[in-house]
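Now for the letters of each chain:
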Amino acid sequence: MILVTNSEKDGTGRGRFPRADFDNALAQEVINKGIDLEFETEVIGIEFNGTDSITTVKNKNGETKEIHAKFVIDSSGYGRVLPRLLDLEKPSKLSPHSAIFSHVKDSNREEGTEGTLISFDIIETEVWLWVIPFSNGNTSVGIVGPTEYIDKLSENGDTMEALKKAISLSDYYVKRFGDVDFLFEPKHLKDYSCSVKQLFGDGFALTGNASEFLDPVFSSGMAFATEGGMTAAKLAIRQLNGEKVDWQTEFADYILYGVDVFTTYVKEWYTGNLQELFFHQPENPDVKRKICAVLAGYVWDKKNTFVRIHDTAIKNLAEFIKTEKIQS
Ligand SMILES: Cc1cc2nc3c(=O)[nH]c(=O)nc-3n(C[C@H](O)[C@H](O)[C@H](O)COP(=O)(O)OP(=O)(O)OC[C@H]3O[C@@H](n4cnc5c(N)ncnc54)[C@H](O)[C@@H]3O)c2cc1C
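Conventions we followed
- Residues numbered from 1 in each chain as written.
- Predicted model: local features only at pLDDT ≥ 70, side-chain atom pairs only at ≥ 80, totals over all residues.
- Heavy atoms only, no water.
- Helix = DSSP H or I, 4+ residues; strand = E, 2+ residues; numbered from the N terminus.
- Buried < 20%, exposed > 50% of the residue type's maximum accessible area, 1.4 Å probe, protein only.
- Polar contact = N/O pair within 3.5 Å; in protein donor to acceptor, adjacent residues only side chain to side chain.
- 1 Å grid on protein atoms, 1.4 Å probe; cavity = no way out; pocket = protein on both sides within 12 Å on 5 of 7 lines; lining within 4 Å.
- Points joined across faces, edges and corners; volume = space filled by probe spheres on them.
- Nonpolar A, V, L, I, M, F, W, Y, C, P; charged D, E, K, R; others polar.
- Patch = residues over 30% accessible without salt bridge, like charges linked within 9 Å, V, L, I, M, F, W, Y side chains within 5 Å.
- Areas by Shrake-Rupley, 256 points an atom, 1.4 Å probe, with all protein chains shown as cover.
- Salt bridge = Lys/Arg side-chain N within 4 Å of Asp/Glu carboxyl O.
- Core = buried A, V, L, I, M, F, W, Y, C linked by side-chain atoms within 4.5 Å.
- Domains from an automatic or database assignment.
- Contact = heavy atoms within 4.5 Å.
- Pairing = 2+ DSSP bridges.
- Axes fitted to C-alpha atoms, helices over the stretch in contact; angles between N-to-C directions.

Draft legend 1. View of the side chain of E38. Mapped onto the fold, E38 is located in strand β2 (residues 36-38). For E38, a relative accessible area of 16% corresponds to the buried category. Within the local environment of E38, its side chain forms a polar contact with the side chain of K65, the two groups lying 2.7 Å apart.

Draft legend 2. Structural context of empty space enclosed by the protein. Considering all chains together, one arrives at one cavity of 30 Å³ or more under this definition. Roughly 50 Å³ of internal volume is contained in the largest cavity. Along the walls of the largest cavity sit L206, T207, G208, S211, E212, F224, G228, F251, I255 and V259, which together make up its complete lining. Those elements that place two or more of their residues in the lining of the largest cavity are α7 (220-240) and α8 (247-271). Looking at the lining of the largest cavity element by element, the count peaks at three residues for α8. Tallied by class, the residues present in the lining of the largest cavity amount to five nonpolar, four polar and one charged.

Draft legend 3. Broad picture of the layout of surface pockets. Approximately 240 Å³ is the volume attributed to the second largest pocket. Every residue lining the second largest pocket is counted, 19 residues in all, and those nearest its centre are K90, S195, V196, E212 and L256. Looking at the lining of the second largest pocket, the elements that each hand over two or more residues are β13 (195-196) and α8. No other element matches α8, which puts six residues into the lining of the second largest pocket.

Draft legend 4. Here's a closer look at a nonpolar patch on the surface. On the surface, a cluster of nonpolar side chains totalling about 260 Å² of accessible area is made up of F22, L26 and M222. Residue placement: L26 occurs in helix α1 (residues 18-32).

Draft legend 5. Here's a closer look at the nonpolar core. Formed by 53 residues in total, the largest nonpolar core has its most connected members in F218, W247, F251, Y265, I291, V294 and F306. With 11 residues, α8 is the largest single contributor of residues to this core. Both domains that furnish three or more residues to this core are identified here as domain 1 (2-18 + 95-189) and domain 2 (216-328). Apart from residues lying up to four places away in sequence, I291 is in contact with Y265, L277, F278, F306 and I314. Core analysis: the next-biggest nonpolar cluster, separate from the first, contains 17 residues, V104, I143, L163 and V180 among them.

Draft legend 6. Structural detail: the sheet that holds strand β4 (residues 52-59). The three strands are arranged β3-β4-β5 in an open sheet whose pairing can be described as antiparallel. In the strand order of this sheet, the two ends are held by β3 (41-49) and β5 (64-69), each with one partner. The sheet shows a mean angle of 25 degrees between the axes of neighbouring strands, taken without regard to direction. Bridge analysis of β3 against β4 gives eight bridges, and the strand direction is antiparallel. Bridge pairing in β4 places G45 opposite T56.

What follows is the structure in structure tokens.
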């Protein structure tokens, strides 16, 4: 088995950030298992012909070579290698949202638990600011909103100014982040949601962001990348061992069920219905536990009502709360 990635070997491709440590730990584990992992090597072309495929890769010295494989799993994230090469791109069903984010030296971080919590501030129903503290004292800060809103924030193309403006809109975070320096020029991720026409084909499967990316709001990205990657790998092994695999049922339908459930929650976050439930007092512990389970990635657990009837549960409950409020 051969894995190629255009990341650098020590993870420095993503800088000195904890995400790089996570990616590096995964890469090292793969190498420990005896897999041939080629760093700084980019997939630039691929051809499928029956039971074989030829992938053309280019290393950092510009040298190219061909790799033959009976099965290819594309986990290239936003590189979206096969969707681009095979024209599988499809617009997302979600309305266009964008983000601007950076990391800061979190010198005003509170002592104790408060300072270590991942938290949001909701600026407007569809606009929120994320704060993700890292163990090394740095913190990821980002603003998310409808593309039109984020475009307006960064009208002159100055993302530094845009993120500063966003932080100043947060009464809660302005004290902590109002005067900090960004560790890199804030990145602008425009219309980040994406989708594909199909999740598999003869000799290949798409996983993680190379297939579908919804929204950063509930960390569904990592859930789908790991679940999709694992499911595809197990099925590919069975197929290579001569078993007939039903990729539609066992892969596409399975993954898309989870995508559907998470999509409902993302949509209902932006309609404000989910926020209505989150902030309702007194809390209903059973509802809270079940919704938390969904958002923690248990989107395939059909024993959970909030998975099974996801498309109506949130909307109906929010309507009920709103009606109660009007009547009281
Ligand atoms: C700002 C931001 C914050 C986020 N926060 C969270 C969060 O808190 N929690 C969460 O769950 N998700 C989060 N996500 C989403 C999450 O990062 C992704 O959903 C997840 O990393 C997808 O994993 P992946 O394996 O599909 O792709 P990636 O992790 O992007 O990996 C793709 C790999 O493919 C390589 N590659 C790309 N093109 C090529 C090529 N042509 N040839 C060879 N290799 C190639 C890349 O170098 C990379 O190593 C966030 C995303 C962003 C942008």
